[in-house]
Amino acid sequence: MAHGTEAPSHWVQRWSHLVAPGGSVLDVACGHGRHMRWLAERGHAVTGIDRSPLAIATAATLGQAIEADIENGPWPLDGVTFDAVIVTNYLWRPLLPTIVASVAPGGVLIYETFAAGNQTVGRPSRPDFLLQPGELLQATYGLHTVAYEDGFLDAPERFVQRIVAARKPGTSPTQPLRHLLKPSG
């Protein structure tokens, strides 16, 4: 089955109510657009990024679709923020700060991908593609964690790490929350 043609992730379905009504959504490594479809059907303006021309051709029927190799080329949406950023079954560690910075004030990040331990049940099995314990918590420092899970799921068997994290209104993507604290003294 082609990436992006299966049903939307249960994690995305469970937490998509946190996206502001009519809000803008970015789907990173969108494949054929399963999450773009899910969110567009709920009235959101959707944008997807993927390196596959075939996937982007399908995703373009749902919203803005950008063909880009985000692992070897520049980020095509530099400085642009979204009310929600969705990432599933994708990990490129150098891009994590950019993904987090793409969440607008008041926006939400919904992220789910494979974790350490998955090598015991299938693919991916390379450490480069498996999150280490707590890694998403560290990557989203400065956002408010709404939900976090790190463990084993069955049907199909896999180890996952997933987070829902919100950027508080009034904070910018380049302004960590620690700067909001008043200095003592």
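This section reports on the structure supplied with the text.

Thresholds, definitions, all that
- Counting of residues starts from 1 at the beginning of each chain's written sequence and follows it residue by residue.
- A pLDDT threshold of at least 70 governs which residues receive local features in this predicted model, and a stricter bar of 80 or more applies before side-chain atom pairs are shown or counted, although totals over entire chains, interfaces and linings include all residues.
- Here the side-chain values reflect all heavy atoms present in the structure, with hydrogen atoms and water set aside.
- The criterion is simple. A nonpolar core is a set of buried Ala, Val, Leu, Ile, Met, Phe, Trp, Tyr and Cys residues joined through side-chain atoms within 4.5 Å.
- Burial classification: accessible surface area is computed with a 1.4 Å probe over protein chains only, and a residue below 20% of its type maximum counts as buried, one above 50% as exposed, and the rest as partly exposed.
- Think of it this way: any DSSP run of H or I at least four residues long counts as a helix, any run of E at least two long counts as a strand, and we number them from the N terminus.
- Note on contacts: a residue pair is in contact if any heavy atoms of the two residues lie within 4.5 Å.
- When a carboxyl oxygen of Asp or Glu lies within 4 Å of a side-chain nitrogen of Lys or Arg, that pair is called a salt bridge.

Let us look at the nonpolar core. Here is a general trend for soluble globular proteins: nonpolar side chains tend to be buried in one another's company. One finds V28, V85 and Y111 to be the most contacted residues of the largest nonpolar core, which totals 26 residues. Of all elements in the fold, only β1 (24-28), β4 (82-88), α4 (96-101), β5 (103-114) and β7 (158-166) reach the threshold of two or more residues within this core. If sequence neighbours within four positions are ignored, V85 has contacts with L26, V28, I99, S102, V103, V108, L109 and I110. Among the nonpolar cores identified, the runner-up in size contains 18 residues, and V19, W38, I56 and V108 belong to it.

Scanning the model with the defined rule gives seven salt bridges in all. A salt bridge links E41 to R42; the nearest nitrogen and oxygen atoms lie 3.6 Å apart. A salt bridge links R162 to E149, with the shortest nitrogen-to-oxygen separation between them at 2.7 Å. Of this pair, R162 sits in strand β7 while E149 sits in strand β6 (residues 144-153), placing them 13 residues apart in sequence. Exposure remark for R162: the relative accessible area of 11% places this residue in the buried category. Accessibility expressed as a relative area gives 29% for E149, which makes it partly exposed. Residues participating in the shared-partner salt-bridge network are R14, E112, E149 and R162.

It is worth stressing that arrangement in space is one thing and function is another; only the former is reported here.
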